Amino acid sequence: MKPHYPILDGLRGVAAITVVAFHLFETHATSHLDQIINHGYLAVDFFFLLSGFVIGYAYDDRWGRMSVGDFFKRRLVRLQPMVVMGMIIGALLFYFQESEYFSIISQVSVWRMLFIMLLGFVMIPVSPSMDLRGWNETYPLNGPGWSLFFEYIGNILYALGVRKFSKTALSVLVLLSGAALIHMAVTSPAGDVIGGWSLEPEQLRIGFTRMMFPFFAGLLLCRTAKITRVKNAFMWCSLLVLIVLAIPRVGGSERLWMNGLYDSLSIILVFPLIIYLGASGEVKGRFASGLCKFLGDISYPIYITHYPIIYIYTAWVKDNKISLADGYPIALVAFVSSILLAYACLKLYDEPVRAWLNKKFLLKTVDKKAGAL
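Definitions and limits used
- Residues numbered from 1 in each chain as written.
- Predicted model: local features only at pLDDT ≥ 70, side-chain atom pairs only at ≥ 80, totals over all residues.
- Heavy atoms only, no water.
- Salt bridge = Lys/Arg side-chain N within 4 Å of Asp/Glu carboxyl O.
- Helix = DSSP H or I, 4+ residues; strand = E, 2+ residues; numbered from the N terminus.
- Buried < 20%, exposed > 50% of the residue type's maximum accessible area, 1.4 Å probe, protein only.
- Phe/Tyr/Trp six-rings, centres within 6.5 Å; stacked < 30°, edge-to-face > 60°.
- Lys NZ or Arg CZ within 6 Å of the ring centre and 35° of its normal.
- 1 Å grid on protein atoms, 1.4 Å probe; cavity = no way out; pocket = protein on both sides within 12 Å on 5 of 7 lines; lining within 4 Å.
- Points joined across faces, edges and corners; volume = space filled by probe spheres on them.
- Nonpolar A, V, L, I, M, F, W, Y, C, P; charged D, E, K, R; others polar.
- Core = buried A, V, L, I, M, F, W, Y, C linked by side-chain atoms within 4.5 Å.
- Contact = heavy atoms within 4.5 Å.

### With respect to the pattern of salt bridges
Inference 1: Within this structure, the stated rule accounts for 11 salt bridges.
Inference 2: Between Arg210 and Asp45 there is a salt bridge, with the nearest N and O atoms lying 2.7 Å from each other. In this pair, Arg210 is assigned in helix α7 (residues 201–224) and Asp45 in helix α2 (residues 43–59), connecting sequence segments 165 residues apart. The pair formed by Arg210 and Asp45 is uniform in burial state, with each residue classed as buried.

Below, the structure is given as structure tokens:
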């Protein structure tokens, strides 16, 4: 059995929790320039790179005994239950977000909202004409669903073709994707890689560009890296993740390209280094092992369920013009609530549902193949 990478699980949790804080601070920012935890949006790109690495590690050597259909079943069992839960939570909290800031909500019928929820269950993105709040999101009940949409695309591309690429071909793909990423970031009107959550052409370009390099760079890293041993890797890697995500805006309003360069080089150089170091580390002691497991377990539930709470907090802040100094107690409640909600979803829903789906669909497939042999 392959060794597990518990530090990578822990880093995923560190990044996911940082995303929640980033979104809470974002509500109080007047622009990208004064945003606290300024580069928290890069956590998505970190997730893509980590996902590509883990996909390669978990599946590259299985294709002789696993079909494309088996691969998709496994990915659906892993990802889809929490996609559904995220949409349900978004629907349950949707009308609590009604406000002057989200004025469109008051005009949305329950049946229309439920229809959007059902589309979200099966990851069908909606066009701006079907928007429910005014942000033109592909998944307006739960905005972060956009990154899962591109995660699935990365998985599909891997299973249908890229898994067969030689290291040379994969390197060319990664090189071209990296060049596209740098160009997009440096020439961005906002000076960053933020975007990807709408079906508008420019947003789609951003989404595909943000996914292509990190996902397949993670795959390439998995295939080429020679893992060594690094002491205190979890501590150092966590610190690096936090520094990259929290560093203030680079270049200011006069040199936006500098921040774009920071974004792209963080994704291209720093994130692969972090994942390499994390894969090279060992977790010693019950506390460290338990912490990495906890952070890894709740990372995906936190990411995919926290944003409906952020919508409510955003509406309250914007309608009442709440400053960060006045709003931080409620922000802290929202932060803790996001973690508690994620943990409850994990234990009461995600783990039991995935166990049932594994038993019903995946184990049956294994038994059938064993019988055929």
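Having seen the model, we can carry on.
### Brief notes about the packing of aromatic side chains
Inference 1: Evaluation of the coordinates by the stated rule reveals 24 aromatic pairs.
Inference 2: With a centroid separation of 5.8 Å and an interplanar angle of 50°, the aromatic rings of Tyr5 and Phe53 are classed as tilted. In this pair, Tyr5 is assigned in the segment before α1 (6–26) and Phe53 in helix α2, connecting sequence segments 48 residues apart.
Inference 3: Given a relative accessible area of 16%, Tyr5 falls into the buried group.
Inference 4: The buried category is assigned to Phe53, whose relative accessible area is 2%.
Inference 5: Site record: aromatic cluster; members linked through ring pairs are Tyr59, Trp63, Phe71, Phe72 and Tyr158.
Inference 6: Cation over ring: Arg133 sits above Phe102, and NZ or CZ is 5.0 Å from the ring centre.
Inference 7: Taking NZ or CZ as reference, Arg133 lies 3.5 Å from the ring centre of Tyr311, over its face.

### Quick notes on the layout of surface pockets
Inference 1: In this structure, the largest pocket encloses a volume near 1400 Å³.
Inference 2: Lining the largest pocket we find 38 residues, and of these Asp9, Arg12, Val54, Arg75 and Arg78 sit closest to its centre.
Inference 3: Contributing elements (two or more residues each) for the lining of the largest pocket: α1, α2, α3 (68–93), α5 (145–160), α10 (286–305) and α12 (324–372).
Inference 4: Residue classes in the lining of the largest pocket are distributed as 20 nonpolar, six polar and 12 charged.

### Section: the nonpolar core
Inference 1: Membership of the largest hydrophobic core comes to 113 residues, with the highest contact counts inside it found for Leu11, Leu42, Phe46, Leu141, Tyr158, Phe216 and Phe271.
Inference 2: Residues contacting Leu42, with those up to four places away along its chain left out, are Val193, Val244, Leu245, Tyr262, Asp263, Ser266, Ile267 and Phe271.

### Comments concerning the environment of Leu332
Inference 1: By secondary structure assignment, the location of Leu332 is in helix α12.
Inference 2: Here the alpha-carbon distance between Leu332 and Ala225, two residues 107 residues apart in the chain, equals 40 Å.

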